[in-house]
Amino acid sequence: MIPRLVSNICKPKHFQKIFGKSLASKRGPNPFDKYLKTLEVNGKTYKYYDISQLASTFEHLPFSIRILLESAVRNCDNFAIKEADVTHILDWEKNQNVQGGIEIPFRPARVILQDFTGVPAVVDFAAMRNAIKDLGSDPQKINPICPVDLVIDHSVQVDFARSKDALKKNQDMEFIRNKERFEFLKWGAKAFNNMIIFPPGSGIVHQINLEFLARVVFVDAKGTLYPDSVVGTDSHTTMINGLGVLGWGVGGIEAEAVMLGQSISMLLPKVVGYKLYGKLNEYVTSTDLVLTITKHLRQLGVVGKFVEFYGPGVAVLSIADRATIANMCPEYGATVGYFPIDEICLEYLRKTNRSEEQVKVIEAYLKATNQLRNYTSESQEPIFSKKEGLDLSTVEPSVSGPKRPNDRVSVKDMKQDFLNCLPNKTGFKGFGIPNEKLNTAVKFTYEGAEYTLRHGSVVIGAITSCTNTSNPSVMIGGGLLAKNAVNAGLTVAPYIKTSLSPGSAVVTNYLKDSDVMSSLEKLGFAVVGYGCMTCIGNSGSIDENIVNAIEENDLVCCGVLSGNRNFEAYSIAGRVDIDFEKEPLGKGSDGRDIYLRDIIPTRKDILDIEHKFVTPAIFKEVYGKIEKGSNNWRKLDAPTGDLYPWSSASTYIKKPPFFEGMTLKPPESKPIQNARVLLLLGDSVTTDHISPAGSIGKKSPAARYLAHRGLAPKEFNTYGSRRGNDDVMSRGTFANIRLVNQFMSKPGPRTVYLPTNEEMDVFDAAQSYIKNQIPLIIIAGKDYGSGSSRDWAAKGPYLLGVRAVIAESFERIHRSNLVGMGIIPFQFLPEQGAKQLGLTGKETYTFDFPSVPKPGQNIKVSTDAEKIFEVMLRFDTEIDLLYYKHGGILNYMVRKMATK
């Protein structure tokens, strides 16, 4: 086992091995070494930078900004990070309001990856080794410098459910499908320094990060203490903010640069202080709380900002509750949702089996640097950019949807809200069902019995998602409800695909110990795997009779996901159009009506069980053997050597084309003239629309490619599992069946090849444009690229020949990913968009792009329809421009490493 407190990050010898002496010699002495102090804990002496002594204004800084400040101070060399950067952060109160923002560097302590985004990252590293060798340099220069943890958690699917052997069957199937990927990752674990790969079945990356990986305070090889911080290739990396570790999701491309020792270039953020006060009532869960906060913050507008929680209400929340709130940060749009470290954090570390020695070191460091928070003390309250708040007593039972997690609906209003959505115009709160079809009822057979489906019928009920499975109070609450339901004689219809996929085996252990697992299994919620399953689209197939009934009759049937009490209640009822106050869940064994209020546990019931059964011993048992993996993993025969032996026979792992023909000098950028629009899109186009992670459609370009390679449909697997193969992923770009392209009359992965006005698959149209050397752009509305972080949502369009995207606004991570691939993000000016400007998308577009562009400048665009307008260049920093000049961040890094 590798100690989680001590990490040999950036040893001087290792630094020179990676970068070469020339770069190391440019690093000057740290001008802030005068603030180095010593601290003795448990008979050992440590060093630390006392940032609290930098200026009297330090105590007014938000706690999240203090972490950015410490990183700049500790890494300052007046080369990559300068004294001026430290001054900019220290003067945060003034500089946060500077027009256009102030650029600062941030060097995170570590990186985490999940396998869907981790595989392409390791593929890129392997290809970079080939590229640097071709340029005449040493492949061993390509290695992670900061610690990297990769958790294989996205590959398992719910092929089998509702049985005690479902777990083993799904895990066996996972290895059959992903053998090539897993062999490749096992090679990477041996080939690259400073990278740990956690085998399939370990759990969900964010829960493992919370329960095991988080250091809270690091100790480097020189005995220097500093705050833990992390970036990850998953937008829900923010979950770790609940434990006081500053972390957020970045694009896979940006993460790779951090792995190679680059700082993140970011704008000094504004910090919204969000005060929590009051107390939750006895029937409210943290899930209800987070949905309430998410909707509120989304309405307030916190995109690109830090949110820092404060107030006495925080002190009554567990770390799991805080982590649940922090996890949903991408849904409310902030960069982080940060909870500073307090005494409850320290107790959580003890509870999750961190050693008392570690906890004492952490506590001593935080007190010495004035970074230990007391949420009940007003004297510790920092200055914030803006203050908002919530009275916890006003939170009520909630769900989200029907399509977006930031659309909160009170459980008491759920029935009417869903009924209203049915006839509404197609959109996030509408399904466009004609009035004459609102009462459609369809009979079908399942295992010899006849059932009826209607609008609102539940067909999937899944206890999934690290948002909730990391929270013992939510999971135990669900278990107690299941126990009460079974005792009352309630059941779940057998055709509903129910499943339980915990974020770690810790959950299974305490559910068993507290005697609720058997009840969950009786309702059909047996453990099906440890990973991100239904919540990322890996729900597996449902019965063909159900599929046919839904598709042939345009039924709006439902999946109820995640880990609060609602998944069971709605599954028992079999429908979502139910008013729990007025309507029973079903008939009990004695024939009487059973209501939700009859079986729902109180908060006290839940906490009593949690305190008794969630113990350090469980965490010690689970995480003491996590790196060993299953027999399937241990039997994998992985290649060895510095360079990966690429195989042309593989349909999973393929050497990407990003570095082909690369030269040491970057080529001149080509102007964008007479570009065509590949897609004309509306608001809230997500990364799932751009680069799906789910199943590969049998009639899609990716399916045709795989069939041509000799694979049967049952062997196609998912797009997410094939992210190591650019041939599949480029064909899967914009392949979502729900993509709404305004060129087309109905949703789907189709577009119009404008020169001939021919309808075709998006990939096929792009290939025709590329063949005829026609540059491509995409036009979109607000929040383009929202949703989970996916590097292929930028890599895919790049391979389709997309040179630029014009959108009304961008999701933060996706904008960064576009820049990282050399795609230019342009933003319509305020109150403008395609509709307001009268753009049809069928024009040709020419950009008056300067030879020396500046971040944020306006660029003139002209069309052949004689329309001229300006857009804002969304290169936000000078480093963005540098990456663009090199054709992307990876190309820049290869050239940089090859010349050192």
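Since the model is a prediction, treat every value here as computed from it, not as a measurement.

1. Things to note about the overall build of the chain
Next up, step 1: Looking only at helices and strands, the chain features 35 helices and 33 strands.
Next up, step 2: Taking 2.2 N^0.38 as the reference for a compact globule, 900 residues should give roughly 29 Å; the C-alpha atoms of the chain span a radius of gyration of 27 Å, in line with that estimate.
Next up, step 3: When the 900 residues of the chain are sorted by exposure, 61% land in the buried category.
Next up, step 4: Sequence separation of at least 24 residues holds for 75% of the intrachain contacts in the chain that already meet a minimum separation of 6.

2. Remarks on helix α14 (residues 343-351)
The periodicity of an α-helix, 3.6 residues per turn, causes residues three or four positions apart to be oriented the same way.
Next up, step 1: Regarding α14, the residues found buried are Cys345, Leu346, Tyr348 and Leu349. Looking down the long axis of α14, one finds its buried residues gathered within 155 degrees of arc, a one-sided arrangement.
Next up, step 2: Contacts made by the buried residues of α14 are with α8 (205-213), α12 (319-327) and α15 (356-368).
Next up, step 3: Near the N-terminus of α14, the side chain that reaches the backbone nitrogen of Ile344, with its oxygen 3.2 Å away, is that of Asp342.
Next up, step 4: Once α14 ends, the next one or two residues include Asn353, with phi positive near 75 degrees.

3. Some words on helix α25 (residues 616-623)
Next up, step 1: Taken residue by residue, α25 has Ile618, Phe619, Val622 and Tyr623 as its buried positions. Looking down the long axis of α25, one finds its buried residues gathered within 110 degrees of arc, a one-sided arrangement. Turned more than 90 degrees away from the buried face of α25 sit Ala617 and Lys620, all of them exposed.
Next up, step 2: Contact partners of the buried residues in α25: α8, α14, α19 (505-513) and α24 (603-613).

4. Some thoughts on the packing of helix α6 (residues 115-134) against helix α7 (residues 166-191)
Next up, step 1: At their nearest, the axes of α6 and α7 sit 10 Å apart, and the two run at 60 degrees to each other. By the angle class used here, α6 and α7 are oblique. Between α6 and α7 lies a crossing of left-handed hand. Across the interface between the two elements, Asp115, Phe116, Val119, Val122, Val123, Ala126 and Arg129 from α6 touch Arg181, Phe184, Leu185, Trp187, Gly188 and Ala191 from α7.

5. Re the confidence of the model for the chain
Next up, step 1: Summing up the model confidence of the chain, the mean pLDDT is 92 and the portion of residues at 70 or higher is 96%.
Next up, step 2: Considering only residues more than four positions removed or in separate chains, one finds that residues 1-25, a stretch of pLDDT under 50, has 59 contacts.

6. Quick notes on the nonpolar core
Next up, step 1: Within the largest apolar cluster, 252 residues are counted, with the highest numbers of intra-cluster contacts made by Trp248 and Tyr784.
Next up, step 2: Counting residues per element, this core draws most heavily on α6, at eleven residues.
Next up, step 3: With near-sequence residues (within four places) excluded, Tyr784 lies in contact with Leu681, Val685, Ile690, Phe734, Ile778, Val805, Ala807, Ser809, Phe810, Glu811 and His814.
Next up, step 4: Core analysis: the next-biggest nonpolar cluster, separate from the first, contains 25 residues, Leu276, Leu280, Ile325 and Val395 among them.

7. Considering the environment of Tyr719
Next up, step 1: Inspection of the secondary structure puts Tyr719 in the loop between α28 (701-708) and α29 (726-731).
Next up, step 2: Look at Tyr719 and you get buried, because its relative accessible area is 2%.
Next up, step 3: For the pair Tyr719 and Asp637, spaced 82 residues apart in the sequence, the C-alpha separation amounts to 24 Å.
Next up, step 4: When near neighbours in sequence (up to four residues on either side) are disregarded, Tyr719 contacts Pro692, Ala693, Gly694, Ser695, Ile696, Ser700, Ala702, Val728, Met729, Gly732 and Ala735.

8. Side note on the sheet that holds strand β15 (residues 386-391)
Next up, step 1: Strand order in the open sheet made by the four strands is β14-β13-β12-β15, with parallel pairing throughout. In this open sheet, the two strands that pair with only one neighbour each are β14 (336-338) and β15. When strand polarity is set aside, the average angle formed by the axes of neighbouring strands in this sheet is 25 degrees.
Next up, step 2: As paired elements, strand β12 (residues 271-277) and β15 share six bridges and run parallel to each other. Bridge pairing in β15 places Leu276 opposite Leu390.

9. Focus: the packing of aromatic side chains
Next up, step 1: Within this structure, the stated rule accounts for 33 aromatic pairs.
Next up, step 2: Relative to Phe339, the ring of Phe309 lies with its centre 4.4 Å away and its plane at 5 degrees, an arrangement referred to as stacked. Of this pair, Phe309 sits in strand β13 (residues 306-310) while Phe339 is found in the loop between β14 and α14, placing the two residues 30 residues apart along the sequence. Grouping residues by exposure puts Phe309 and Phe339 together as buried.
Next up, step 3: Ring geometry for Phe444 versus Tyr451: centroids 5.9 Å apart, planes at 35 degrees, classification tilted.

10. Looking at unusual backbone geometry
Next up, step 1: Residue Pro402 is bonded to the preceding Gly401 through a cis peptide linkage, with omega at 15 degrees.
Next up, step 2: Its place among the elements puts Pro402 in the loop between β16 (398-400) and β17 (408-410).
Next up, step 3: Located in the positive-phi region is Asn42, a residue other than glycine, with phi close to 55 degrees.
Next up, step 4: In this structure, Asn42 sits in the loop between β1 (36-41) and β2 (44-49).
Next up, step 5: Using a relative accessible area of 41% as the deciding quantity, one classes Asn42 as partly exposed.
Next up, step 6: Of note, Asn674 is a non-glycine position whose phi angle comes to about 50 degrees, a positive value.

11. What to know about the sheet that holds strand β6 (residues 195-198)
Next up, step 1: Spatially, the five strands line up as an open sheet ordered β6-β5-β4-β9-β10, and their pairing is parallel. Two strands lie at the open edges of the sheet, namely β6 and β10 (246-249), each paired on one side alone. Pairs of neighbouring strands in the sheet enclose a mean axial angle of 20 degrees, with direction left out of account.
Next up, step 2: Note: strand β4 (residues 110-114) against strand β5 (residues 148-151), four bridges, orientation parallel. Counted as the bridge partner of Leu113 is Leu150 from β5.
Next up, step 3: The sheet strands contacting α7 are β5 and β6, and the helix crosses β6 at an angle near 150 degrees.
Next up, step 4: Packed onto the sheet, helix α9 (residues 252-259) meets β4, β5, β6 and β9 (229-232) and runs at close to 140 degrees relative to β4.

12. Details of empty space enclosed by the protein
Next up, step 1: Summed over the entire model, instances satisfying the criterion amount to six cavities of 30 Å³ or more.
Next up, step 2: Of the pockets and cavities examined, the second largest cavity occupies roughly 70 Å³.
Next up, step 3: When residues of the lining of the second largest cavity are traced back to their parent elements, those giving at least two are α3 (63-75) and α15.
Next up, step 4: Its residues placed into classes, the lining of the second largest cavity shows nine nonpolar, two polar and no charged.

13. Considering the pattern of salt bridges
Next up, step 1: A complete count under the given rule lists 43 salt bridges for this structure.
Next up, step 2: The partner of Glu808 in a salt bridge is Lys782, with the nearest N and O atoms 3.1 Å apart. Placement of the pair is Glu808 in the loop between β29 (802-807) and α32 (812-820) and Lys782 in the loop between β28 (776-779) and α31 (792-799), with a sequence separation of 26 residues.
Next up, step 3: Across the pair Lys795 and Asp791 runs a salt bridge, and its minimum N-O distance is 3.0 Å.
Next up, step 4: Judged by its relative accessible area of 0%, Asp791 falls in the buried class.
Next up, step 5: Shared partners join several salt bridges into a network, and the residues in it are Lys415, Arg575, Asp577 and Glu583.

14. Observations regarding the pairing of strand β26 (residues 750-753)
Next up, step 1: In the sheet, β26 pairs with strand β27 (residues 758-761) via four bridges, with the strands oriented antiparallel. When the bridges of β27 are listed, Arg750 appears paired with Asp761.
Next up, step 2: Turn length for the β26-β27 hairpin, with the two strands adjacent in sequence and antiparallel, is four residues, and the turn residue Asn757 shows positive phi of about 60 degrees.

15. Some details on the side chain of Ser64
Next up, step 1: Structurally, Ser64 can be placed in helix α3.
Next up, step 2: A distance of 2.8 Å separates the side chain of Ser64 from the side chain of Glu308, its partner in a polar contact.
Next up, step 3: With sequence-adjacent residues up to four places away left out, Ser64 is seen in contact with Leu246, Val271, Phe306, Glu308 and Tyr338.

Reading the values: the criteria
Residues numbered from 1 in each chain as written. Predicted model: local features only at pLDDT ≥ 70, side-chain atom pairs only at ≥ 80, totals over all residues. Heavy atoms only, no water. Helix = DSSP H or I, 4+ residues; strand = E, 2+ residues; numbered from the N terminus. Rg over C-alpha atoms; globule rule 2.2 N^0.38 Å. Buried < 20%, exposed > 50% of the residue type's maximum accessible area, 1.4 Å probe, protein only. Contact = heavy atoms within 4.5 Å. Arc of directions from axis to C-beta. Polar contact = N/O pair within 3.5 Å; in protein donor to acceptor, adjacent residues only side chain to side chain. Axes fitted to C-alpha atoms, helices over the stretch in contact; angles between N-to-C directions. Parallel < 35°, antiparallel > 145°, perpendicular 65-115°, else oblique. Left-handed = near helix turned anticlockwise from the far one by under 90°. pLDDT = per-residue confidence, 0-100. Core = buried A, V, L, I, M, F, W, Y, C linked by side-chain atoms within 4.5 Å. Pairing = 2+ DSSP bridges. Phe/Tyr/Trp six-rings, centres within 6.5 Å; stacked < 30°, edge-to-face > 60°. 1 Å grid on protein atoms, 1.4 Å probe; cavity = no way out; pocket = protein on both sides within 12 Å on 5 of 7 lines; lining within 4 Å. Points joined across faces, edges and corners; volume = space filled by probe spheres on them. Nonpolar A, V, L, I, M, F, W, Y, C, P; charged D, E, K, R; others polar. Salt bridge = Lys/Arg side-chain N within 4 Å of Asp/Glu carboxyl O.

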